[in-house]
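Structural characterization, general
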Amino acid sequence: MTTKTKQLNRIDLIFKNENDCKEILQKSFDRSHEEIINEMVNSGLKGRGGAGFPTGLKWKLTAEETEKKKYVICNADEGEPGTFKDREILTRVPHKVLAGMAMCAKIIGAKEGYIYLRGEYKFLVPQLRDELKKFHKIMDELNLDFVVDIFLGSGAYICGEESALFESMEGKRGEPRNKPPYPTQCGYLNKPTVINNVETLAHSYTIMKYGAKKFRELGVKDSWGSKVFSVSGDTPIPGIYELELGMSVQDFVDDFGDGDTKAVQVGGASGFLVPRKRFAKSHIGYQGKLTGVSLPTGGSMMIFNSSRSMYNVLNNYLDFFEEESCGQCTPCRVGCQQLLKGIKAVKRGEKPAAYLDKLLKLTDTMRLTAKCGLGQSVANSFSSIVENFREEMIY
Amino acid sequence: MNNQAEFVKDLVTEHGTNRESLLPILQAVVEKDRFLSENAILKIAEETNIPAADVYGTASFYSFLDIVPRGKYVIRVCKTITCAMKGKNQILLALEDFLKIKLGDTTPDKLFTILETNCLGWCHKAPAMLVNDDVYTELTPNMVVDILSAYKAEADKE
């Protein structure tokens, strides 16, 4: 920790040492489903994977489906560059995640659940299996017919997109589906499915235990609660931190920067780059997505100091997207290739600087026409880097 | 090859012939052989009754399901932004120098393959790499030599 006078509040909820999952579940099971759903809705908890869909509503919509077979899936395909908090949560407090899954299963009426774990985290499987043994014993004691299994990914970023994840579990190429229908109606094996991020599920345990009111003591309007952030890059204290939502990027940089911070990438490669002049005006949270002032995030905070070339940063992101694009839809497949080729051509002087504007237009097209979040969000980092550091792209 | 056929058969018995079993079956073959040979793909198709083109199509989508031969130890060095900033290239050079092969190649003794991969999720402890499923973080060129020497010694014992 730093010795600065003004410091962001470090929250200790997610990683707090608590071993009362059985008691908390028992207490919650005694309440009506409606009460629990209301508690979740009232908490204002939004998906912590980055997309920010209201969790209570997701549970409610799935609970309303009349289909007999339903699923609960924990999305642990944490692949966004700069994000590593889900692994930490699954390592330190997996029981809270499982308790969240059990709660959800009880409410929506699911008997099967899965943790979709990215292949890169395969080393976690033995300890998770041990945890599942304990969990299934608790399920027996509580008389809840709910079994959780682990499904391993095999190195594909796109499988973190929920419908691509279902395709992958179904033994197919991880190519996103058209939406609607949404997973709440038509998810894994075309059955109603709740798919939540690891952290979201852990938060739902916290809400069960302490109540919606307590949860809302942290955060700001429309972005209630705390969030686990993955901090990396040019910082003396990289790591995992639970902080309140709503903080400004300036406050974040004062705490975590190395004194020479040039820009912060919020939300990973698919998020936005915030340059120094916007630190004070940019806040971390879900509200006002379109204004660019409030930045939604899965928790990836990558810090760049003045020694870093923003051209290299963008080149690295585009290289990533070009490889990870599933190739299914043309705007994303060809778009990513052309953006990468384009910035290289400008840098080499083979294309005029004005070519960057054409590339910006291309990202607009991708945002509108790409089938899923991957292709749509390439525009975020591309435009925020090119617009703020145009000279670095050219010279 | 008979061994291979038996192995696939057992896997299919264990996991079933549902399409949902395909990824776990492919993963198990890769864990054993480090890649999916044409024979393995055809055998899986035969045993599961999934068209071979679909089995291949699925396998070729995933970067960890290799369809070309790899070494016993597959090294995957993270090349995404933070690792790139924190010295990934030096790690790669140290690997190439020690193994006397280039990125993407396999040593003649079929022991090591050097690959790059996208974000491994260890940005706070960059640079990072995987050797099969084992994670190594906060790497230095010297550490790389120690790590690989240990794998070499392990292979020599077998």
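Predicted model only: the values in this text are computed from it and were never measured.

Definitions and cut-offs
- Residues numbered from 1 in each chain as written.
- Chains lettered and ligands numbered in written order.
- Predicted model: local features only at pLDDT ≥ 70, side-chain atom pairs only at ≥ 80, totals over all residues.
- Heavy atoms only, no water.
- Helix = DSSP H or I, 4+ residues; strand = E, 2+ residues; numbered from the N terminus.
- Phe/Tyr/Trp six-rings, centres within 6.5 Å; stacked < 30°, edge-to-face > 60°.
- Buried < 20%, exposed > 50% of the residue type's maximum accessible area, 1.4 Å probe, protein only.
- Lys NZ or Arg CZ within 6 Å of the ring centre and 35° of its normal.
- Axes fitted to C-alpha atoms, helices over the stretch in contact; angles between N-to-C directions.
- Parallel < 35°, antiparallel > 145°, perpendicular 65-115°, else oblique.
- Left-handed = near helix turned anticlockwise from the far one by under 90°.
- Contact = heavy atoms within 4.5 Å.
- Pairing = 2+ DSSP bridges.
- Domains from an automatic or database assignment.
- Patch = residues over 30% accessible without salt bridge, like charges linked within 9 Å, V, L, I, M, F, W, Y side chains within 5 Å.
- Areas by Shrake-Rupley, 256 points an atom, 1.4 Å probe, with all protein chains shown as cover.
- Salt bridge = Lys/Arg side-chain N within 4 Å of Asp/Glu carboxyl O.
- Lys, Arg positive; Asp, Glu negative; His and termini not counted.
- Charge placed at Lys NZ, Arg CZ, Asp CG, Glu CD.

With an omega dihedral of -5°, the bond running from Lys-179 of chain A to Pro-180 of chain A counts as a cis peptide bond. By the element assignment, Pro-180 of chain A lies in the loop between helix 7 (162-169) and strand 4 (193-197). The omega torsion of the bond from Ala-126 of chain B to Pro-127 of chain B falls at -5°, within 30 degrees of zero and hence cis. Along the chain, the position of Pro-127 of chain B falls in the loop between strand 2 (112-117) and strand 3 (129-131). Not every positive phi belongs to a glycine, and Asn-190 of chain A is a case in point at roughly 65°. Of note in this structure, Lys-110 of chain B is not a glycine but carries a positive phi near 60°. Relative to the helices and strands, Lys-110 of chain B is located in the loop between helix 6 (88-99) and strand 2.

What follows covers the packing of aromatic side chains. Scanning the entire structure with this criterion turns up 16 aromatic pairs over all chains. Centroid distance Tyr-114 of chain A to Tyr-188 of chain A: 5.6 Å. Interplanar angle 75°. Geometry classified as edge-to-face. On the criterion of sequence distance, the pair formed by Tyr-114 of chain A in strand 2 (residues 112-117) and Tyr-188 of chain A in the loop between helix 7 and strand 4 is long-range, its members being 74 residues apart. The pair Tyr-114 of chain A / Tyr-188 of chain A is uniform in exposure class, with both members buried. Following the ring pairs from residue to residue traces out a cluster consisting of Tyr-73, Phe-112, Tyr-136 and Tyr-151 of chain B. It is Lys-351 of chain A that lies over the ring of Tyr-355 of chain A; its NZ or CZ is 4.9 Å from the centre.

Turning our attention to the packing of helix 1 (residues 21-29) of chain A against helix 8 (residues 198-210) of chain A. All names here are of chain A. Two elements in contact, helix 1 and helix 8, have axes separated by 10 Å at closest approach and are oriented at 65°. With respect to each other, helix 1 and helix 8 are oriented roughly perpendicular. As helix 1 packs across helix 8, the resulting crossing turns out to be left-handed. Note on element contacts: helix 8 touches helix 1 through Tyr-205, Met-208 and Lys-209, opposite Cys-21, Ile-24, Lys-27 and Ser-28.

Take the sheet that holds strand 3 (residues 147-152) of chain A next. Residues and elements named next belong to chain A. An order of 3-2-1-4 is seen for the four strands of this open sheet, with the pairing classed as parallel. Edge strands, defined here as strands with exactly one partner in the open sheet, are strand 3 and strand 4. Here the average twist between neighbouring strands, direction ignored, is 20°. Where strand 2 lies against strand 3, six bridges are found, and the strand directions are parallel. By the bridge assignment, Leu-117 is partnered in strand 3 with Leu-152.

When the parts come together, some accessible area is lost, and that loss is often what is quoted as the size of the interface. Domain assignment breaks chain B into domain 1 (3-61) and domain 2 (73-157). Spacing between the C-alpha centres of domain 1 of chain B and domain 2 of chain B amounts to 28 Å.

Residues and elements named next belong to chain A. Side chains of Lys-341, Lys-351, Lys-358 and Lys-361 sit close together on the surface and give a patch of like positive charge. Here Lys-351 lies in the loop between helix 12 (330-348) and helix 13 (355-369). Exposure remark for Lys-351: the relative accessible area of 37% places this residue in the partly exposed category.

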